[in-house]
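Take a look at the letters that make up each chain.
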Amino acid sequence: MKFKEAAILLFLISWDHGSIAIGSKRTPTKYLVSKGKKLVTNVGSRLAQKTISIKDSIPDKLSFLSRDTKKDDSVVEGSTDILPPENAEKESLFTPFLSSKFRETPGDFSQILLDKLLSKESAFAVKTIRKIIENFPSYGIIDVFSLHPTKDVVASVIALSRLQRITLESVQVREDMASKNRYLLSQGASSSGAMERDRKKHFEQDDYELLADLAHYATLAHCAYGWKFGLLSGRLHLGDKAMLQRKTGVQKSHIICAQWKSKTHLPAHFLVRDLQRKTIVLCIRGTLSPKDILTDLCCTADEFLTHEEDILEESESIPRDVIRNIIRPKHKAKAHHGMLQAAKNVAKVTRKVISTELASNPEFNLIIVGHSLGGGVAAVLGSLWRDTFPGVKVYAFGCPCVGPADFHPYQSDAITCVVGEGDPFSCLSLGHLADASLVLSKLCQDSELRNAILNKTKKGVGKLDPQEIAWCVETMKALETDMQSEKFYPPGRVLYMRGNFFGSIDEIMLREVNQETVFRHLRFHPRMFDLSLHVPHRYEILLARIWNDVNEEK
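The structure presented is a predicted model; accordingly, all values stated were derived computationally and were not measured.

A. Up close: the overall build of the protein chain. When helices and strands are counted, the protein chain shows 22 helices and eleven strands. Pairs at least 24 apart in sequence give 75% of the contacts found in the protein chain among residues at least 6 apart. A total accessible area of about 27900 Å² is found for the protein chain, and carbon and sulfur atoms account for 54% of it.

Rendered as structure tokens:
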């Protein structure tokens, strides 16, 4: 019998009989196993008939573990029905393990199971996530459902959703009227003819190559998900590498390395040579497995040095805190904890290989690509490697919120990030949740304001008169004055993409935006959990259509 199975079996025995003498020298392993097998066969029906309070029963069941195992009182009253014969074996296989573990963490039986059933990284991630949830109030997140009636919360969500929609649509209408150019890859739209000519000239000189690169690397980002995920696009590829070769034209000999399965804080990735563009491309996969979700949920902010990897490798014996105090970072850097750990782990696996490839091909440059979680990890890794591999560029698609403003990688000019309209992860962080819960709580308390919003926003923005639109905008601004939590944003230069799979090419837009303006608040709308707005297919198809459209015009 495997150790994990035996441990679970022992737990079932203790659960069924109230308490057992695990620490007793009179409790043999063979007897427990034989008795346990009989119990497992009917454990479902037995547990269904009993009503056991976990909170009250578990500590009582484990209280005997704090006793001295040398004494003969380790058999607890109520457990005599499973005592073995007197001539049974005198040592239990589980006695040393369970005695030491429970003495270290008395009463925390669930944590011991996590440590044994999960990998070290996964167990630590679960601890981190549990701590984050327990500390929600310290992050400013309000549990509105426990403080206010459910009907008031629902009405407040609807009111805030309508207010956000009207405010956003009024801004979009003004932007669309100000410019007829659908592809504005530089900020500062204007309707003047001189500015239009200058922007057109700038676009022709600098951005055709960017659009070509975006379309190309979006395909690579999609390939990181493997052939199974590729079935969603209606194509069958015989293997992950076959999909990569067929979609990108990369030869098998130029696939340097590939890890198609992820671990906690180590996403799947591959490394290829792109001979046509003379680049070494590191592509990092987004969220696809439960282990990736653990990485996503470790969502607190961690500071780091943009060049700390070089320092730590040369000075492994020096504690990191000492390095932080002695050496000032070249750039202020702060990022999502899970993404930062993932970036460091990817760096450990790939750095030497990349260094060798770039040394063998001095005319090549390093490109880091990713979608979703992979895009966030790529952005953080690009900040870590900005001095290690000068000239490194990052292309992130559907990138989630990576870090706060005024820090790298938010401020990095080496990162280009494409975010689709309505992407559910483009404005989601602890700060966004805190601000949203604060506004909802305020609307729950102020029924007069809530009802006024509901009454004035029944019609769409096209049917509202200017005074009503102005009232909505001013009301939203008043609510925003209290929304001051530290938020994460998509990093670098952000291009905002509008359009869908089957819409007209005239409906597709790509414009550079300011993150703090567009992604400042968590938006409530009917499709806020629609993952079809986030999948890599959307970015691959729309960017390809944009490139083909621009290339034809050229």
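B. Broad picture of the packing of aromatic side chains. Counted under the stated rule, the structure contains five aromatic pairs. Each ring, one from Trp385 and one from Phe389, has its centre 5.0 Å from the other, and the planes form 85°; the classification is edge-to-face. On the accessibility criterion, Trp385 (0% relative accessible area) is buried. One cation-aromatic arrangement involves Lys456 over Trp471; the distance from NZ or CZ to the ring centre is 5.2 Å.

C. Summary view of the packing of helix H18 (residues 430–445) against helix H19 (residues 447–456). Where H18 contacts H19, the axes come no closer than 5 Å and their chain directions differ by 100°. One element, H18, and the other, H19, form an angle in the roughly perpendicular class. Of the residues in H19, those in contact with Leu443, Cys444 and Gln445 of H18 are Ser447, Leu449, Arg450 and Ile453. In the contact of H18 with H19, the residues fall into four nonpolar, two polar and one charged.

D. Region of the structure containing the environment of Leu438. With respect to the helices and strands, the residue Leu438 is situated in helix H18. For Leu438, the contacting residues outside a window of four places in its chain are Ile142 and Asp482.

E. Geometry of the nonpolar core. Counting 44 residues, the largest nonpolar core has Leu282, Leu366, Ile368, Leu381 and Trp385 as its most contacted members. Elements that contribute at least two residues to this core include exactly strand S4 (279–284), strand S6 (332–336), helix H16 (337–360), strand S7 (365–371), helix H17 (373–384), strand S8 (393–397), strand S9 (415–420) and strand S10 (493–498). By residue number, the principal contributor to this core is H16, which donates eight residues.

F. Looking closely at the environment of Ala414. Position of Ala414 relative to the elements: it lies in the loop between S8 and S9. Placed 78 residues apart in sequence, Ala414 and Gly492 show a C-alpha to C-alpha distance of 7.0 Å. Those residues in contact with Ala414 that lie beyond four places of it in its chain are Val392, Lys393 and Val394.

G. Here's a closer look at the side chain of Asp423. Tracing the chain through its elements places Asp423 in the loop between S9 and H18. The side chain of Asp423 sits in the buried core without any salt bridge; Arg538 is the nearest counter-charge, 5.4 Å away. Reaching out from Asp423, the side chain makes a polar contact with the side chain of Tyr539 at a distance of 2.5 Å.

H. Spatial organisation of the packing of H19 against helix H20 (residues 466–480). The N-to-C vectors of H19 and H20 enclose an angle of 145°; their axes lie 11 Å apart at closest approach. When you trace H19 past H20, the crossing you get is left-handed. Between H19, through Leu449, Ala452, Ile453 and Lys456, and H20, the contact on the second element is made entirely by Trp471, Thr475 and Leu479. When its residues are assigned to classes, the contact of H19 with H20 shows five nonpolar, one polar and one charged.

I. Main features of H19. Regarding H19, the residues found buried are Leu449, Arg450, Ile453 and Leu454. Along H19, the residues classed as buried sweep out an arc of 135° about the axis, all on the same side. Among the exposed residues of H19, those oriented more than 90 degrees off its buried face are Glu448 and Asn455.

Calculation notes
- Residues numbered from 1 in each chain as written.
- Predicted model: local features only at pLDDT ≥ 70, side-chain atom pairs only at ≥ 80, totals over all residues.
- Heavy atoms only, no water.
- Helix = DSSP H or I, 4+ residues; strand = E, 2+ residues; numbered from the N terminus.
- Contact = heavy atoms within 4.5 Å.
- Areas by Shrake-Rupley, 256 points an atom, 1.4 Å probe, with all protein chains shown as cover.
- Phe/Tyr/Trp six-rings, centres within 6.5 Å; stacked < 30°, edge-to-face > 60°.
- Buried < 20%, exposed > 50% of the residue type's maximum accessible area, 1.4 Å probe, protein only.
- Lys NZ or Arg CZ within 6 Å of the ring centre and 35° of its normal.
- Axes fitted to C-alpha atoms, helices over the stretch in contact; angles between N-to-C directions.
- Parallel < 35°, antiparallel > 145°, perpendicular 65-115°, else oblique.
- Nonpolar A, V, L, I, M, F, W, Y, C, P; charged D, E, K, R; others polar.
- Core = buried A, V, L, I, M, F, W, Y, C linked by side-chain atoms within 4.5 Å.
- Lys, Arg positive; Asp, Glu negative; His and termini not counted.
- Salt bridge = Lys/Arg side-chain N within 4 Å of Asp/Glu carboxyl O.
- Polar contact = N/O pair within 3.5 Å; in protein donor to acceptor, adjacent residues only side chain to side chain.
- Left-handed = near helix turned anticlockwise from the far one by under 90°.
- Arc of directions from axis to C-beta.

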